[in-house]
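Fold and contact review
Here's the letter readout for the chains.
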Amino acid sequence: MQEDEEEYLIRKIKEYPQQRWKQLANRRLQLWGELRLRNSPRGHLLICVPSAGGELTSKNVLIAQPMPSCVDTYPDIINRLKDTGIFTRSPHGKPNHVIMNEYLPGQGIMPHEDGPAYFPVVATLSLGSHSVFHYYRYKPDVEGAQLERTEGRSIDPAPVLTVLLEPRSVVISERALYSTHLHAIREIEEDLITAGNAAAPPMLADLGVPVANWDRVTGADTIRVMSEGGALKRATRYSLTCRDVEKVAQLKAFMKR
Ligand SMILES: O=C(O)CCC(=O)C(=O)O
Ligand SMILES: [Fe+2]
């Protein structure tokens, strides 16, 4: 994505009225697309309703909104993601659901799975600031324990993969990283990097984990910090997480009620 597109998108995201935003403890977000999600105690529960406008129904169901033009007209993120081929096998062949997140420096997102409501591919566009994204795995289940997918399972605190997300970049999570792993952004204001090279890649100084994509970063400052070490201060970051909601069966089931 180009800088002028990034600037435009950030301006549009910030222009949406206050009531479009849902304030969470550690970020705020807007939900867009054909379908909207409601949180449930078991994680993401899919609430499916046809695109009809309007707001909350008596059953506390959020009604869908059409995609905003800044993701499907200019810049045409939806079709550009479609053209990458990553959604070729998804039910609609392209994302139909976008979450816009805003993170201030020091804000992040706890380890979580995006869950089975979506086709297991998510494309995350970063705008305005870098961030550092970690993937985690669960610790092996205790023998004989019958545990739910996510509930009560402990997470191995050592990330299996750590990726530096540059502004205007997109990261795509799929397969095992989508289906069996968790992902998170730590709630810190800067990322301290130790100097690295091909023989010994740069690491996150406090975690001691390598930056997996260190040799693919493009920002001048970021390239310098990867080779010399140093701090990358986080600024306000916007992310667009784009997915295809898979469970059409759930949609039908809901509509019959
Ligand atoms: O903002 C991000 O990069 C990640 C957001 C996320 O994990 C989510 O919306 O499920
Ligand atoms: Fe997520």
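Please refer to the structure higher up on the page.
A brief look at the structure comes next. (Residues numbered from 1 in each chain as written. Chains lettered and ligands numbered in written order. Predicted model: local features only at pLDDT ≥ 70, side-chain atom pairs only at ≥ 80, totals over all residues. Heavy atoms only, no water.)

A word on the side chain of asparagine 101
Structurally, the position occupied by asparagine 101 is in strand β5 (residues 97–103). Assessed through its relative accessible area of 2%, asparagine 101 is described here as buried. In this structure the side chain of asparagine 101 is engaged in a polar contact, spanning 2.3 Å, whose partner is the side chain of arginine 27. Contacts of asparagine 101, omitting those with residues within four sequence positions, involve Arg27, Arg28, Leu29, Arg237, Tyr238, Ser239 and Thr241. (Helix = DSSP H or I, 4+ residues; strand = E, 2+ residues; numbered from the N terminus. Buried < 20%, exposed > 50% of the residue type's maximum accessible area, 1.4 Å probe, protein only. Polar contact = N/O pair within 3.5 Å; in protein donor to acceptor, adjacent residues only side chain to side chain. Contact = heavy atoms within 4.5 Å.)

Observations regarding the pattern of salt bridges
Opposite charge on two side chains lets them pair, provided their charged atoms get close. A complete count under the given rule lists 13 salt bridges for this structure. The shortest N-O distance in the salt bridge between glutamate 174 and arginine 175 comes to 3.8 Å. Here glutamate 174 falls in the partly exposed class, since its relative accessible area comes to 31%. Among the ionic pairs, lysine 233 bridges to glutamate 190, the shortest N-O distance being 2.8 Å. Here lysine 233, found in strand β15 (residues 230–233), pairs with glutamate 190, found in strand β12 (residues 190–194); they are 43 residues apart in sequence, far enough to count as distant. On the accessibility criterion, lysine 233 (65% relative accessible area) is exposed. (Salt bridge = Lys/Arg side-chain N within 4 Å of Asp/Glu carboxyl O.)

Some words on helix α3 (residues 77–84)
Within the span of α3, buried status applies to Ile77, Ile78 and Leu81. Here the buried residues of α3 occupy an arc of 100° about the axis, which is enough to place them on one side. Contacts from the buried residues of α3 go to α1 (3–15), α2 (69–72), β5, β7 (121–127), β10 (170–174) and β16 (237–243). With its phi angle positive at about 90°, glycine 85 sits one or two positions after the end of α3. (Arc of directions from axis to C-beta.)

With respect to the site of ligand 1
Around ligand 1 sit 14 residues, and of these Tyr103, His183, Arg237, Ser239 and Arg243 come closest. Between ligand 1 and the protein, one listed contact pairs an oxygen atom with a side-chain N or O atom of serine 239 at 2.6 Å. One nitrogen or oxygen atom from the side chain of arginine 243 is found 2.8 Å from an oxygen atom belonging to ligand 1. Calculation on ligand 1 without its partners gives an accessible area of 290 Å², and the protein chains cover 97% of this total. Those elements giving two or more residues to the shell around ligand 1 turn out to be β5, β6 (109–112), β11 (182–185) and β16. Ranked by residues supplied to the shell around ligand 1, first place goes to β16 with four residues. Of the residues in the shell around ligand 1, the class split is four nonpolar, six polar and four charged. (Near = heavy atom within 4 Å. Areas by Shrake-Rupley, 256 points an atom, 1.4 Å probe, with all protein chains shown as cover. Nonpolar A, V, L, I, M, F, W, Y, C, P; charged D, E, K, R; others polar.)

Quick word on α1
Taking 1.5 Å per residue as the helical rise, α1 with its 13 residues ought to reach 18 Å, and the 18 Å between its terminal C-alpha atoms agrees with that figure. What α1 keeps buried is the set Glu5, Glu6, Leu9, Ile10 and Ile13. Projected onto a plane normal to the axis of α1, the buried residues spread over an arc of 130° and lie on a single side. Projecting away from the buried face of α1 at angles above 90 degrees are the exposed residues Glu3, Glu7 and Lys14. Looking at the buried positions of α1, the neighbouring elements they touch are β2 (28–33), α2, α3, β5, β7 and β16. (Expected span 1.5 Å × (residues − 1).)

So far we have only geometry, and geometry alone does not tell us how the molecule works.
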